[in-house]
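So you can see what is in the structure, the chains are spelled out below.
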Amino acid sequence: MRKRNESVTVEHERASAAAAPAPLDKGCSLRHSLRLPPAAAAAADSGMKRPLGRRYGVWYRLRKLIIWLLGVYIAIPFLVKLCPAIQAKLVFLNFVRVPYFIDLKRPQDQGLNHTCNYYLQPEEDVTIGVWQTVPEALWKSARGKDQLWFEDALGSSHPVILYLHGNAGTRGGDHRVELYKVLSALGYHVVTFDYRGWGDSIGSPSERGMTYDALHVFDWIKARSGDNPVYIWGHSLGTGVATNLVRRLCERETPPDALILESPFTNIREEARSHPFSVIYRYFPGFDWFFLDPITTSGIKFANDENVKYISCSLLILHAEDDPVVPFHLGKKLYNIAATSRSFRDYKVQFVPFHTDLGYRHKYIYRSPELPRILR
């Protein structure tokens, strides 16, 4: 009887122990009975860690990107210094052909129905593409005519403008074509060409080569134009070619009748220092040594400020105040140099600014309704 009571007591204690709740740990959490299954616990832990991990992952990638960009920023000046040809390419931009997909052999596709395309050879292994647009008054007569007729037309009683375009693009650039149309409507022959290495012209670009190409075309015009006035018009980088050319013509005592500079600079170093592309490096230690000296090393100067001291013909400078490529103050500075030069004492030197409100910027001065009066 005693054994039976003892066994009942033991069983009762075991049942009580099984039914009693599990003890609490120090954190007031159940030790066993309330523990989550392993899968649920892992999901809960990952839910807490995911935002934190994502935040640290984004910061890591951002920091990696910043370090990479900083490395590139520092490496570029050394690359330019070691390879001066890079800087020369950036000055000429002859590899940028805008607009694309046009046939330079067909100027009529650009609305120039009174324009002839042909090719000249300034030097051996160098061929340059040329466009000649006759005055609008000869438009009907020019239809269907060949190159010989256009060459003979240069001897008609109309002045001739030799147009020297800037860097990038071709002789078929949109703003250039619009200027040809304006000048043609005003009664001018317009002869323009792509320097060696530009457009469909063959050869390697250089300042000497560009100047020689311009000299060759000028002589070609003079051999056919008789006593008609010949003016030289340079735009942007083409102003450097224009002053190089006119200085050489004056030295051999065959100056043009006038020189027109649109959006000119003083020299290529000052222009490069002021160009929008140089903003991110303008205050970089050794900027001149890294970026400007390689230009000079490549033989590129385009020293308009020096050239005007040796030019003896009428000079007209056109510049828009809102020009973002060649700052207005460089054109004004060039004018001040020319106006005080002894070489211009017997010739007219004029500076025509265009107010910011007009919005002509770097290449839209041809839109000015005052241009006919200015040129007259």
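Residues numbered from 1 in each chain as written. Predicted model: local features only at pLDDT ≥ 70, side-chain atom pairs only at ≥ 80, totals over all residues. Heavy atoms only, no water.

Here is the rule we go by: UniProt positions are given in the numbering used here, feature names are shortened, and annotations may be inferred rather than shown by experiment.
As annotated in an unreviewed UniProt entry, the chain carries the name Lysophosphatidylserine lipase ABHD12 and comes from Turnix velox. On record in UniProt, under Sequence similarities (unreviewed entry), the comment for the chain is "Belongs to the serine esterase family." Looking at the chain in UniProt, the text filed under Catalytic activity (unreviewed entry) is "Hydrolyzes glycerol monoesters of long-chain fatty acids."

### So, the UniProt feature "transmembrane region" (unreviewed entry) in the chain
Applicable threshold: Put simply, DSSP marks the helices as runs of H or I at least four residues long and the strands as runs of E at least two long, and each gets a number from the N terminus on.
The feature "transmembrane region" (unreviewed entry), as annotated in UniProt, sits at residues 58-80 in this numbering. Spanning residues 58-80, this segment combines 100% helix with 0% strand, and its end C-alpha atoms are found 33 Å apart.

### Focus: a nonpolar patch on the surface
Let me state the cut-off plainly: Patches draw on residues past 30% relative accessible area with no salt bridge. Two like charges within 9 Å are joined, as are two nonpolar side chains (Val, Leu, Ile, Met, Phe, Trp, Tyr) within 5 Å. Residue exposure ignores everything except the shown protein chains as possible cover, and the areas themselves are Shrake-Rupley values with a 1.4 Å probe. Counted as salt bridges are all cases of a side-chain nitrogen of Lys or Arg within 4 Å of a carboxyl oxygen of Asp or Glu. Each residue gets one of three labels from its accessible area relative to the maximum for its type: buried under 20%, exposed over 50%, partly exposed in between, using a 1.4 Å probe on protein chains only.
Taken together, Trp59, Leu62, Leu65, Ile66, Trp68, Leu69, Val72 and Ile76 make up a surface patch of nonpolar side chains, about 760 Å² in accessible area. Owing to a relative accessible area of 33%, Ile76 belongs among the partly exposed residues under this scheme.

### Some thoughts on the sheet that holds strand 5 (residues 230-235)
Applicable threshold: We treat two strands as partners when DSSP finds at least two bridges between them. Axis definition: a line fitted to C-alpha atoms, over the contacting stretch in the case of helices. Angles run 0 to 180 degrees between N-to-C directions.
Read from one edge of the open sheet, 8 strands run 1-2-4-3-5-6-7-8, paired in mixed fashion. Edge positions in the sheet fall to strand 1 (115-123) and strand 8 (349-354), since each of these pairs with one other strand and no more. Here the average twist between neighbouring strands, direction ignored, is 20 degrees. When strand 7 (residues 314-320) meets strand 8, the two strands line up parallel, connected through 6 bridges. Of the residues in strand 8, the one forming a bridge with Ile317 is Phe351.

### Quick word on the environment of Leu215
Heads up, the rule is: Whether two residues are in contact is decided by their heavy atoms: any pair within 4.5 Å suffices.
On the secondary structure map, Leu215 appears in helix 7 (residues 207-225). For the pair Leu215 and Leu245, spaced 30 residues apart in sequence, the C-alpha to C-alpha distance is 6.2 Å. The contacts of Leu215, once residues within four sequence positions are left out, are Leu245, Arg248, Leu249 and Arg252.

### Notes on the nonpolar core
Rules: In this description, a nonpolar core means a group of buried Ala, Val, Leu, Ile, Met, Phe, Trp, Tyr and Cys residues linked to one another through side-chain atoms lying within 4.5 Å.
Grouped together as the largest cluster of nonpolar side chains are 65 residues, with contacts concentrated most on Phe92, Leu162, Leu164, Phe193, Ile232, Leu259 and Phe302. Excluding anything up to four places from it in sequence, Phe302 contacts Phe92, Glu207, Met210, Leu237, Gly240, Val241, Asn244, Phe265, Thr266, Asn267 and Ile268.

### Some words on the side chain of Ser341
What counts, and what does not: Under the rule applied, a polar contact is a pair of N or O atoms within 3.5 Å (in protein, one hydrogen donor and one hydrogen acceptor; residues adjacent in sequence only if both atoms are side-chain atoms).
Secondary-structure assignment places Ser341 in the loop between helix 12 (328-339) and strand 8. Side chain to side chain, Ser341 and Ser343 meet in a polar contact 2.9 Å long. In contact with Ser341, not counting residues within four places along its chain, are Val308 and Lys309.

### Observations regarding the pairing of strand 7
Looking along a regular strand, one sees the side chains alternate between the two faces of the sheet. Basically, it comes down to this: A clockwise course of the path from the first strand over the helix to the second, judged with the strands pointing away from the viewer, identifies a crossover as right-handed.
The element strand 7 is largely enclosed, with a buried count of 6 among its 7 residues. Where strand 6 (residues 258-262) and strand 7 come together, 5 bridges link them in parallel fashion. Of the residues in strand 7, the one forming a bridge with Leu259 is Leu315. Following the chain from strand 7 across helix 12 to the adjacent parallel strand 8, one finds a crossover that is right-handed.

### Side note on the pattern of salt bridges
Summed over all chains, the structure comprises 15 salt bridges. Across the pair Glu123 and Arg196 runs a salt bridge, and its minimum N-O distance is 2.7 Å. Note that Glu123 is positioned in strand 1 and Arg196 in the loop between strand 4 (189-193) and helix 7, a separation of 73 residues in sequence. Owing to a relative accessible area of 5%, Arg196 belongs among the buried residues under this scheme. Residues joined in a network through salt bridges with shared partners are Glu123, Arg196, Arg208 and Asp213.

### Some words on the environment of His175
Within the secondary structure layout, His175 lies in helix 6 (residues 174-185). According to the relative accessible area criterion, His175 is buried, its value standing at 15%. Sequence separation between His175 and Ile365 is 190 residues; the distance between their C-alpha atoms is 9.4 Å. Apart from residues no more than four positions distant in its own chain, His175 is found in contact with His235, Lys363 and Tyr366.

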